[in-house]
Amino acid sequence: MLPLPRSFATNAIHIGSEPDPHTGAVVPPLSLSSTFAQKSPGVPFPAGHEYARTSNPNRIAFERAIAAAEAGTHALAFASGSATLATIFELLVPSDHVVTGDDIYGGSTRYFRRVAMPKGFEIAFVDTTDVAAVTAAFKPNTKLLWLETPTNPTLKVSDIAALAAAAHRHNPAMLVAVDNTFLSPFNQRPLELGADIVSNSVSKFIAGHDDVVMGALATRNEALFQRLKFLQNAIGSVPSPFDCFLAHRGLKTLAARMALHNSNAQRIAAFLEAHPKVARVAYPGLKSHPQHELAARQQSGFGGMITFWLKGDLKHARQFLEAIKGPFTLAESLGGVESLIEHPAIMTHSSVPAEQRAALGISDSLVRLSVGIEDVADIECDLAQALEHVHL
Ligand SMILES: *Cc1c(COP(=O)(O)O)cnc(C)c1O
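Keep in mind the model is a prediction, meaning the values are calculated, not measured.

Quick rundown of the pairing of strand β3 (residues 74-78)? Include the residues and the values.
Counting buried positions along β3 gives five out of five residues, so the element sits mostly inside the fold. Burial along β3 is two-sided: the face carrying His-74, Leu-76 and Phe-78 and the face carrying Ala-75 and Ala-77 are both buried. The sheet contact formed by β3 and strand β9 (residues 215-219) spans five bridges and is antiparallel. Residue pairing for β9: Phe-78 is matched across the bridge by Gly-215.

Hey, could you go over empty space enclosed by the protein for me, with residue numbers and the actual values?
Evaluation of the coordinates by the stated rule reveals two cavities of 30 Å³ or more. Estimates place the volume of the largest cavity at around 70 Å³. Asp-102, Asp-103, Ile-104, Thr-109 and Gln-356 are, among the 13 residues lining the largest cavity, the residues nearest its centre. Among the secondary structure elements, those contributing two or more residues to the lining of the largest cavity are α4 (106-116) and α13 (354-360). Broken down by class, the residue content of the lining of the largest cavity amounts to five nonpolar, five polar and three charged. Each pocket or cavity is described by its volume, and for the second largest cavity that value is around 40 Å³. In terms of residue class, the lining of the second largest cavity is made up of eight nonpolar, two polar and no charged.

So, the layout of surface pockets: which residues are in play, and what are the values?
Here the largest pocket defines a volume of roughly 680 Å³. In terms of lining residues, the largest pocket is bounded by 22 residues, among which Asp-20, Pro-21, Ala-47, His-49 and Pro-57 are the most central. Of the residues contributing to the lining of the largest pocket, the split by class is 12 nonpolar, seven polar and three charged. For the second largest pocket, the calculated volume is near 390 Å³. Looking at the second largest pocket, it is lined by 26 residues, and the ones nearest its centre are Gly-81, Ser-82, Tyr-105, Ser-201 and Lys-204. Elements with a contribution of two residues or more to the lining of the second largest pocket: α3 (81-89), α4, β6 (142-148) and β8 (197-201). Broken down by element, the lining of the second largest pocket gets its largest block of residues, four residues, from α4.

Any chance you could break down unusual backbone geometry for me, citing the residues and the numbers?
Between Thr-149 and Pro-150 the backbone carries a cis peptide bond, its omega angle lying at -5 degrees. The topology assignment puts Pro-150 in the loop between β6 and α6 (160-170). In the segment running from Asn-152 into Pro-153, the intervening peptide bond is cis, with an omega of 10 degrees. Inspection of the secondary structure assignment puts Pro-153 in the loop between β6 and α6. You will see that Leu-155, though not glycine, has its phi angle at about 60 degrees, which is positive. Its location among the elements puts Leu-155 in the loop between β6 and α6.

Please set out the packing of aromatic side chains residue by residue, giving values where relevant.
Scanning the model with the defined rule gives seven aromatic pairs in all. Geometrically, the ring pair formed by Phe-89 and Phe-112 is tilted, given 5.6 Å between the ring centres and 50 degrees between the ring planes. On the criterion of sequence distance, the pair formed by Phe-89 in helix α3 and Phe-112 in helix α4 is long-range, its members being 23 residues apart. Overall, Phe-112 belongs to the buried group, its relative accessible area being 0%. Here the aromatic residues Phe-89, Tyr-111, Phe-112, Phe-121 and Phe-125 are joined through ring pairs into a cluster of three or more. Above the face of the Phe-125 ring, Arg-113 is positioned so that its terminal group lies 4.0 Å from the ring centre.

Describe the sheet that holds strand β11 (residues 305-310), listing the residues and the values that go with them.
Overall, mixed pairing links the five strands, which are arranged β10-β11-β14-β13-β12 in an open sheet. Bordering the open sheet on either side are β10 (278-282) and β12 (329-330), each of which pairs with just one other strand. Pairing of β11 with strand β14 (residues 366-370), which is carried by five bridges, proceeds in the antiparallel orientation. Bridge pairing in β14 links Thr-307 to Arg-368. The strands touched by helix α10 (residues 254-273) within the sheet are β10, β11 and β14, with β11 carrying the most contacts at an inclination of about 10 degrees. Contacts between helix α12 (residues 314-322) and the sheet are confined to β11, β12, β13 (340-342) and β14, with β11 contributing the most and set at about 130 degrees to the helix.

Thresholds, definitions, all that
- Residues numbered from 1 in each chain as written.
- Predicted model: local features only at pLDDT ≥ 70, side-chain atom pairs only at ≥ 80, totals over all residues.
- Heavy atoms only, no water.
- Buried < 20%, exposed > 50% of the residue type's maximum accessible area, 1.4 Å probe, protein only.
- Helix = DSSP H or I, 4+ residues; strand = E, 2+ residues; numbered from the N terminus.
- Pairing = 2+ DSSP bridges.
- 1 Å grid on protein atoms, 1.4 Å probe; cavity = no way out; pocket = protein on both sides within 12 Å on 5 of 7 lines; lining within 4 Å.
- Points joined across faces, edges and corners; volume = space filled by probe spheres on them.
- Nonpolar A, V, L, I, M, F, W, Y, C, P; charged D, E, K, R; others polar.
- Phe/Tyr/Trp six-rings, centres within 6.5 Å; stacked < 30°, edge-to-face > 60°.
- Lys NZ or Arg CZ within 6 Å of the ring centre and 35° of its normal.
- Contact = heavy atoms within 4.5 Å.
- Axes fitted to C-alpha atoms, helices over the stretch in contact; angles between N-to-C directions.

Given below as structure tokens:
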């Protein structure tokens, strides 16, 4: 396992959250002001804020904390994870070529296929677990490699260090961006593995309480940061101060929550793998996972997401999901303290064409879990009782 950076938990609690210099408030106040007084025209107060789209205290504080969590030097917060991807894409022009995975977040696929491609962008969708296949997809004008590992929903793991090295060998200026949403910076830090940009849907594990929609990116490249900061301000895809406040509060407990997500999911994955009504379980922490060794090497935890295939078909999946009593809630999204369960073929991935779903293994018996941090015995009990309602 890759060790956590020194003081991950301490930094998450303290960086960007220093006591307020004016009042001593231990938690920096929520600053709703949209504009900031200047001492003389063009001369702001020492904190440097002028207008809240450009910068405001709560967003800057959260961005500092995210930069530290991702082992980066700079970070930017956005109105959503989707807005983060769209803003990164503004670095490109339509004659640029992009390589990405064939099993990425549905909203990212939608952006690539229905926003970028109609404008003329050429995008190759490849199996990123196969470094040779990715390398073969590179063209002279490939400017971005957009990775997601583990993938959603089948939890395939890609080798970030090998892919970033191959991309930079092909073209030192190619940007390697990793969507780190499924693991969070507690479990994986792509910048340490050679990525240029790491992106998160903060809506998931980082905020962690299913009450914020927000995104963030981090980087170690100062020039790239300045360009992205310009785009963030020019496009205006910024989160509100209150969302930054909530996300920052969530980040402070990320280490404690993630440790529980990891241990609860490991136990639930083992329970499911041993269950006679379960055909197969995908969880990177299981020895049976095809990239278990790689996950153990490049991650510092295996995460809270589990995908499994029930024996039987759609009828049996319905029997199972309708019998769920709680703590699981049948709902889309992931990463909150609450355990969530969903059926990708009907819910999150219904927009993926049926033949592509079949090729990726997203069958009607596939169920995705976001294992929360309730008592693990209660989580297991709910699954066990619901499995009794499956009549094969
Ligand atoms: C949810 C999600 C996104 C999009 O984030 P939003 O905050 O919902 O816009 C991107 N990538 C992954 C892997 C996600 O799970």
